[in-house]
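Descriptive analysis of the structure
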Amino acid sequence: DDCGAGCLFNVEKDPTEHVDLARDLAHQDIFKRLAAELKTLNEGNFDPSRGVTSADACMKCVDNGGYYGPFVDAADWYTPLPARTPGEHQKDETLKKTLQVINNKILEEGIAKAAQVVLPFFRNAWGK
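The structure presented is a predicted model; accordingly, all values stated were derived computationally and were not measured.

Our focus in this paragraph is the pattern of salt bridges. Per the stated rule, a full pass over the model turns up 2 salt bridges. A salt bridge links D63 to K96; the shortest N-O distance between them is 2.6 Å. Linking D63 in helix α2 (residues 55-63) with K96 in helix α3 (residues 86-102), this pair joins segments that are 33 residues apart in sequence. A salt bridge links D92 to R84; the nearest nitrogen and oxygen atoms lie 2.5 Å apart. Note on D92: relative accessible area 4%, which makes it buried. R84 sits in the partly exposed class, given a relative accessible area of 33%.

In this section: unusual backbone geometry. With phi around 55°, E17 is a residue other than glycine that occupies positive phi space. Judged by its relative accessible area of 42%, E17 falls in the partly exposed class.

In this model, the protein chain carries an average pLDDT of 80, and 78% of its residues clear a pLDDT of 70 or more. Taken element by element, the protein chain is modelled with least confidence in helix α4 (residues 111-126), mean pLDDT 67, and with most confidence in helix α1 (residues 28-42), mean pLDDT 93.

Here the focus is the side chain of D14. By the secondary structure assignment, D14 is in the segment before α1. Salt bridges are absent for the buried D14, whose nearest opposite-charge side chain, K13, sits at 11 Å. A polar atom in the side chain of D14 sits 2.7 Å from the backbone nitrogen of V19. Not counting residues up to four positions away in its chain, the partners in contact with D14 are F9 and V19.

Moving on, we come to the packing of α2 against α3. Following both chains from N to C, one finds α2 and α3 inclined at 170°, their axes separated by 10 Å at the closest point. In terms of orientation, α2 lies roughly antiparallel with respect to α3. Where α2 approaches α3, its residues C58, M59, V62 and D63 are matched on the opposing element by D92, L95, K96, L99 and Q100. Looking at the contact of α2 with α3, its residues break down into 5 nonpolar, 1 polar and 3 charged.

Take the nonpolar core next. Residues C58, M59, C61, V62, L95, L99, A115 and L119 constitute the largest nonpolar core, which totals 8 residues. Mapped by element, the contributors of at least two residues to this core are α2, α3 and α4. In this view, A115 contacts C58 and P120; residues no more than four positions away in its chain are not counted.

Attention now moves to α2. Here α2 lies mainly inside the structure; 7 of its 9 residues are buried. Directly beyond the C-terminal end of α2, a positive phi value near 75° is found at G65.

Reading guide: rules and limits
Residues numbered from 1 in each chain as written. Predicted model: local features only at pLDDT ≥ 70, side-chain atom pairs only at ≥ 80, totals over all residues. Heavy atoms only, no water. Salt bridge = Lys/Arg side-chain N within 4 Å of Asp/Glu carboxyl O. Helix = DSSP H or I, 4+ residues; strand = E, 2+ residues; numbered from the N terminus. Buried < 20%, exposed > 50% of the residue type's maximum accessible area, 1.4 Å probe, protein only. pLDDT = per-residue confidence, 0-100. Lys, Arg positive; Asp, Glu negative; His and termini not counted. Polar contact = N/O pair within 3.5 Å; in protein donor to acceptor, adjacent residues only side chain to side chain. Contact = heavy atoms within 4.5 Å. Axes fitted to C-alpha atoms, helices over the stretch in contact; angles between N-to-C directions. Parallel < 35°, antiparallel > 145°, perpendicular 65-115°, else oblique. Nonpolar A, V, L, I, M, F, W, Y, C, P; charged D, E, K, R; others polar. Core = buried A, V, L, I, M, F, W, Y, C linked by side-chain atoms within 4.5 Å.

Written out as structure tokens, the structure reads:
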């Protein structure tokens with residue numbers, strides 16, 4: 001779920017972070033204090049421009065076994081992967097076709113967020 005202004009979890013009682021306490025009145029003081037501290041800590045963070053969202057980067061990620069990197073045009077940068085099985089190849093091609101479908105002008109702004117949600121799932125699946 002989107003935390004909007006922030007989330008607050010009791011990781012000792014809820015280690016899988018399913019119960020967001022940020023809206024709970026009993027925890028408002030803690031939430032406000034921690035949110036203010038986080039804002040202070042983040043004030044000097046470097047936030048570079050990441051350029052234009054590119055489906056090519058997503059395709060390169062699939063080709064690199066689920067590892068997302070900044071090098072779309074650097075064919076010899078990545079360590080070669082072991083040969084894919086026919087099933088893995090089919091899975092990769094299906095993912096690429098799915099990415100091509102969602103890469104249209106209407107969804108262009110949301111593709112980066114979609115990649116953050118979708119790619120960890122595939123990376124975990126490939127690691128098994």
